[in-house]
Amino acid sequence: MTDCRELMILAAVLTSFCRAFFLFLFSLLSVTFVYECGISQLLLSLSQVYIFENNIYYQPDVKSSSLRLTSSGRDGLIFNGINDWLYEEQILHSSAAHWWSPSGSSLAFLTINDTLVPNMQLPRFTGTLYPRGHQYPYPKVRRQPYVCCPAVECVS
């Protein structure tokens, strides 16, 4: 629930691949179902930031328009504010790669560029008879992702 008690986000089906969310807006007494599956995940947080198609958007309040903070995101190659498979599973143990400052006025986030990282095929078990292979950037010695951690000022 947000600090202003206007919006509650209920998450379900949290895996590396699929996210499902229910958004409840108290002032309108309405519920919206949001579902996104795959690498271009939609991540929502209670801090007015969301990641869509590997780009970060900031929404100062529930009723305002979103501001796009990044535009470099590319499916499977460049990740802004969200981890690639390796960082999510092996390093940070979280899908989120964005953090608010203690004052709540600045947002730091990881940008992970997997352009030069070789791909590895990993099985993806989808409930069908046979698993499907999916290509993931998987670093090797001297073929690491480029990672940086910029910060932006987010003032309402």
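Residues numbered from 1 in each chain as written. Predicted model: local features only at pLDDT ≥ 70, side-chain atom pairs only at ≥ 80, totals over all residues. Heavy atoms only, no water.

Thoughts on the overall build of the protein chain
Here is the rule: Helix and strand labels come from DSSP, where a helix needs a run of H or I of at least four residues and a strand needs a run of E of at least two; each type is numbered from the N terminus. For the area figures, the Shrake-Rupley method with a 1.4 Å probe applies, and any residue is considered shielded solely by the protein chains shown.
A tally of regular secondary structure across the protein chain gives one helix and 15 strands. When the accessible surface of the protein chain is summed, it comes to about 9300 Å², and 58% of that surface belongs to carbon and sulfur atoms.

Digging into the confidence of the model for the protein chain
Let me state the cut-off plainly: Note on scores: pLDDT gives the predictor's confidence for each residue, bounded by 0 and 100. We call two residues in contact when some of their heavy atoms are within 4.5 Å.
Summarising the model, the protein chain shows a mean pLDDT of 75, and 69% of its residues fall at 70 or more. When the criterion is pLDDT under 50, residues 1-5 qualifies, and its contacts beyond four places in sequence or with other chains add up to seven contacts.

Quick look at the side chain of T70
Along the chain, T70 falls in the loop between β7 (67-68) and β8 (78-80). Setting aside anything within four residues of it in sequence, one finds T70 in contact with N54, N55, I56, N80 and F109.

Description of the nonpolar core
Soluble globular proteins tend to pack their nonpolar side chains together in the buried interior. This is how the line gets drawn: In plain words, nonpolar cores are sets of buried Ala, Val, Leu, Ile, Met, Phe, Trp, Tyr and Cys residues tied together by side-chain atoms within 4.5 Å. Only protein chains enter the area calculation, which uses a 1.4 Å probe; residues under 20% of their type maximum are buried, those over 50% are exposed, and those in between are partly exposed.
Residues V49, I56, L107, L110 and I112 are the most contacted members of the largest nonpolar core, which totals 13 residues. Of all elements in the fold, only β5 (49-52), β6 (55-58) and β10 (106-109) reach the threshold of two or more residues within this core.

Side note on the sheet that holds β10
This is how it is decided: Two strands are counted as paired when DSSP detects at least two bridges linking them. Each axis is a line fitted through C-alpha atoms, taken for helices only over the stretch in contact, and angles between the N-to-C directions span 0 to 180 degrees.
The antiparallel open sheet is built from three strands, whose spatial order is β9-β10-β15. A single partner strand is all that each edge strand has here, and the edge strands are β9 (98-100) and β15 (151-153). On average, each strand axis in the sheet is tilted by 20 degrees relative to the strand beside it, whichever way the strands run.

Focus: the sheet that holds strand β14 (residues 146-148)
Strand order in the open sheet formed by three strands is β8-β11-β14, and the pairing between neighbours is antiparallel. Only two strands of the sheet have a single neighbouring strand rather than two, namely β8 and β14. Averaged over all neighbouring strand pairs, the angle between strand axes comes to 10 degrees, with direction disregarded. Where β8 and strand β11 (residues 111-113) come together, three bridges link them in antiparallel fashion. Along β11, the bridge assignment pairs F79 with I112.

Overview of the packing of aromatic side chains
This is how the line gets drawn: The aromatic pairing rule takes the rings of Phe, Tyr and Trp, using the six-membered ring of Trp, and pairs them if the centres are within 6.5 Å, calling planes under 30 degrees apart stacked, those over 60 edge-to-face and the rest tilted.
Here the structure, examined in full by the defined rule, presents two aromatic pairs. Centroid distance Y50 to Y57: 5.2 Å. Interplanar angle 10 degrees. Geometry classified as stacked. Both residues of the pair, Y50 and Y57, count as buried.

Here's the deal with the pairing of β5
Along a regular strand, successive side chains alternate from one face of the sheet to the other. Sheet topology note: the β5/β6 ladder contains four bridges and is antiparallel. What sits directly across from I51, in β6, is I56. The hairpin formed by β5 and β6 contains two residues between the paired strands, and E53 there has a positive phi angle of roughly 50 degrees.

With respect to the environment of F79
Its location among the elements puts F79 in strand β8. Taking the C-alpha atoms as reference, F79 lies 7.2 Å from N55; in sequence the two are 24 residues apart.

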